[in-house]
Amino acid sequence: MQLQDSGNLVLLDRNNVSLWGSFDHPTDTIVMGQSLAVGTSVDCYTSDNDRSDGDYRLVVTAGDAVLQWNRMSYWKLSAEPKGSQDSMVPVSFLALNDTGLFLLGSDRSTVVIKLSLGPANFRVAKLGFDGKFRVSKFVDKNWVQEFVSPDDECKIPLVCNKMGLCTSGRCSCPPNFHGDPLSKSGCTPTDASLALPSGCIDRKESNFSVFYVNLGSESDYFANEFMAPAKRDISLLACQDLCTRNCSCLGIFYGNSSASCYLLENPLGSIMGSSSSNRKRLGYVKTIVVSSRANKLNEATGFPIVGLILLPSSGVLLIIIVVLGFICWRRNRLYRTAKSKLGHGDSSSSELEIISVPGWEPRQAYFPLHALEMHEKKRYSELADSRLERRVTNEEVRKLVKVALCCLHEDPSLRPAMVTVVSMLEGISPVTEPRQESLNFLRFYGRRFGEASRIEGSNERNEFGFSSSDKLMSCMSAQQLSGPR
């Protein structure tokens, strides 16, 4: 055994060839003169009193030096403002010397990335159990800190524990969550019937309904800046569906402007407030319904738990269902009456006469198309029933129209689930913008509707025995109109 002047303890064979060296097996500290090869990591301790490996580590990769928490990156030397990149050759070593911290090429002389700190007789770099990477030098029998990163507390993955919200270095619970973020229980959903999923640990959770709790637009996640989106050019609803089908996914962040989907994987860390985030993303945490009453009913009767979410929170939906049922009953009755009186004639013309929207003059125009056009012109108040006499605001109509148009998307995968519809109507989740490209079919159907209305009543029939209205109104079935169920 030999202790070298650099501090490296080596084991030599009879020919003085090194068999083992302490520098090749670092703990939480790098000393001056020590170099780490690509693939080597520096692991923090769990605490001052627990010398087992903690969750934070510094990893040397072929292109950078990266801080990670549970293998998720939260800092890179190349992104450090005090650092600079000198060349693009692959990284082979990380070294700490008397002028700073360097990433070197295979020849140990080519500088790839450097962090210049000035001259020092002796310095060390250490990864603390708080997740911060520090470089200090020894001056006049004292340690002087030269560098620390991340300098923003909120960029440390677990600074406010699981699901805690960090804003300007202060910890609290995010919107729709409560509790003490620094306590053992941490932040939990405000709604007692919801709970955070285990992340593939409890397989029974796959039988429960999923509900996404909105974190608002003023939040972000530490890993989003260091990973590519799970998918691009995707809708918010499709992003949520991607997470729902993945048990290891515990939430999402969605970029409205980029239509990018970021998945939050297990384990879940702290949430960053707006002051620590440069980009605006919509955050949602995946929860499961754990109400004991709901679960018992679900197991006993097979009644879907999503129904238990909808019924108590939105009694208005029950009213809508009753009204729609009455309309369908009345429609069928009127249709049978009309058919018995006429004895013959065009069924589609009769249906046109029966279907109506209160306050809307029949065959005036195809109402869904009219709603789309008013949405494009931002003239929502014109869609309200005149009999309401200003008892509804433009903002209320705008919300309803947008949600309704989302439900009319030609692509079924773009339509919101009923849980999402309720969430948007109740103001829990932001209202999704309707996708214009998935609503263009309404223009075609609206034109056909108008043509059929203009020739309605014509008894002229072609050589195949069909009238013009028969041909026009049968050009698109209900299945074609709304897509597969």
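Cut-offs applied
Residues numbered from 1 in each chain as written. Predicted model: local features only at pLDDT ≥ 70, side-chain atom pairs only at ≥ 80, totals over all residues. Heavy atoms only, no water. Phe/Tyr/Trp six-rings, centres within 6.5 Å; stacked < 30°, edge-to-face > 60°. Helix = DSSP H or I, 4+ residues; strand = E, 2+ residues; numbered from the N terminus. Buried < 20%, exposed > 50% of the residue type's maximum accessible area, 1.4 Å probe, protein only. Lys NZ or Arg CZ within 6 Å of the ring centre and 35° of its normal. Arc of directions from axis to C-beta. Contact = heavy atoms within 4.5 Å. Axes fitted to C-alpha atoms, helices over the stretch in contact; angles between N-to-C directions. Parallel < 35°, antiparallel > 145°, perpendicular 65-115°, else oblique. Left-handed = near helix turned anticlockwise from the far one by under 90°. Nonpolar A, V, L, I, M, F, W, Y, C, P; charged D, E, K, R; others polar. pLDDT = per-residue confidence, 0-100. Pairing = 2+ DSSP bridges. Salt bridge = Lys/Arg side-chain N within 4 Å of Asp/Glu carboxyl O.

## So, the packing of aromatic side chains
Stage number 1. Summed over all chains, the structure comprises 7 aromatic pairs.
Stage number 2. Ring geometry for Trp 75 against Phe 133: centres 6.1 Å apart, planes inclined by 40 degrees, an arrangement best described as tilted. With a gap of 58 residues between them, Trp 75 in strand β9 (residues 72-76) and Phe 133 in strand β15 (residues 133-139) connect regions that are remote in the sequence. Of the two residues examined, Trp 75 and Phe 133, each falls in the buried class.
Stage number 3. In textbook terms, an aromatic cluster arises when at least three aromatic residues are bridged by ring pairs, as seen for Trp 69, Tyr 221, Phe 222 and Phe 253.
Stage number 4. The side chain of Arg 108 reaches across the aromatic face of Phe 93, ending 3.7 Å from its centre.

## Overview of helix α1 (residues 236-244)
Stage number 1. Taken together, the buried positions of α1 are occupied by Leu 236, Leu 237, Cys 239, Gln 240 and Cys 243. Buried residues in α1, looked at end-on, bunch into an arc of 160 degrees, giving them a common side.
Stage number 2. Where the residues of α1 are buried, they touch β22 (210-221), β23 (249-255), β24 (260-265), β26 (281-289) and α8 (418-425).

## A closer look at the packing of helix α7 (residues 394-407) against α8
Stage number 1. For the pair α7 and α8, the least separation of the axes is 10 Å and the interaxial angle reads 165 degrees. The orientation of α7 relative to α8 falls into the category roughly antiparallel. As α7 runs across α8, the sense of the crossing is right-handed. Taken together, the residues of α8 that come into contact with α7 (itself represented by Lys 399, Leu 400, Val 403 and Cys 407) are Val 421, Met 424 and Leu 425.
Stage number 2. Each residue belonging to the contact of α7 with α8 can be placed in one class, and the counts come to 6 nonpolar, no polar and 1 charged.

## Some thoughts on the confidence of the model for the chain
One rule of thumb: low pLDDT means the predicted coordinates there are not for detailed reading.
Stage number 1. Per-residue confidence for the chain gives a mean pLDDT of 79; residues scoring 70 or more make up 75%.
Stage number 2. The low-confidence segment residues 341-356, where pLDDT is below 50, has 21 contacts with residues more than four positions distant or belonging to other chains.
Stage number 3. Between residues 459-485, whose pLDDT stays under 50, and residues either more than four places distant or in other chains, the model counts 40 contacts.

## As for the sheet that holds strand β7 (residues 50-60)
Stage number 1. The strand order β6-β7-β8-β9 describes an open sheet built from 4 strands, whose pairing is antiparallel. Strand pairing shows two members of the sheet lacking a second neighbour, β6 (41-47) and β9, which therefore form its edges. Taken pair by pair, the neighbouring strands of this sheet meet at an average axis angle of 40 degrees, ignoring direction.
Stage number 2. Alignment of β6 against β7, held across 5 bridges, turns out to be antiparallel. Pairing of Tyr 45 across the sheet is with Asp 53, part of β7.

## Here we look at the sheet that holds strand β2 (residues 9-12)
Stage number 1. The 3 strands lie next to each other as β1-β2-β3, forming an open sheet whose pairing is antiparallel. Edge positions in the sheet fall to β1 (2-3) and β3 (18-21), since each has one partner strand and no second.
Stage number 2. Sheet topology places β1 next to β2; 2 bridges connect them, and they run antiparallel. Opposite Gln 2, over in β2, you have Val 10 as the bridge partner.

## Some words on the environment of Ala 192
Stage number 1. Structurally, Ala 192 can be placed in the loop between β20 (186-189) and β21 (194-195).
Stage number 2. Accessibility expressed as a relative area gives 72% for Ala 192, which makes it exposed.
Stage number 3. Between the alpha carbons of Ala 192 and Val 289 there is a distance of 9.0 Å; along the sequence they are 97 residues apart.

## What to know about the packing of helix α6 (residues 367-376) against α7
Stage number 1. Where α6 contacts α7, the two axes come as close as 10 Å, and the packing angle between them is 125 degrees. When the axis of α6 is compared with that of α7, the two are oblique. Both α6 and α7 take part in a crossing whose hand is left-handed. Contacts from Pro 368, Ala 371, Leu 372 and His 375 of α6 reach α7 at Val 401, Lys 402 and Leu 405.
Stage number 2. Class assignment of the residues belonging to the contact of α6 with α7 gives a composition of 5 nonpolar, 1 polar and 1 charged.

## Concerning the pattern of salt bridges
Stage number 1. One pass over the full model with this rule turns up 14 salt bridges.
Stage number 2. Among the salt bridges present, the one from Glu 146 reaches Arg 123, with a minimum N-O distance of 2.7 Å. Highlighted residues: Glu 146 in strand β16 (residues 142-149) and Arg 123 in strand β14 (residues 123-127), separated in sequence by 23 residues.
Stage number 3. Beyond isolated ion pairs, a larger network of salt bridges with shared partners links Asp 220, Glu 225 and Arg 281.

## A few points about unusual backbone geometry
Stage number 1. With an omega dihedral of 0 degrees, the bond running from Ser 149 to Pro 150 counts as a cis peptide bond.
Stage number 2. Structurally, Pro 150 can be placed in the loop between β16 and β17 (165-167).
Stage number 3. Residue Asn 266 is joined to Pro 267 through a cis peptide bond whose omega torsion reads 0 degrees.
Stage number 4. Looking at where Pro 267 falls in the secondary structure, it is placed in the loop between β24 and β25 (271-273).
Stage number 5. Phi at Asn 70 takes a positive value of approximately 50 degrees, unusual for a residue other than glycine.

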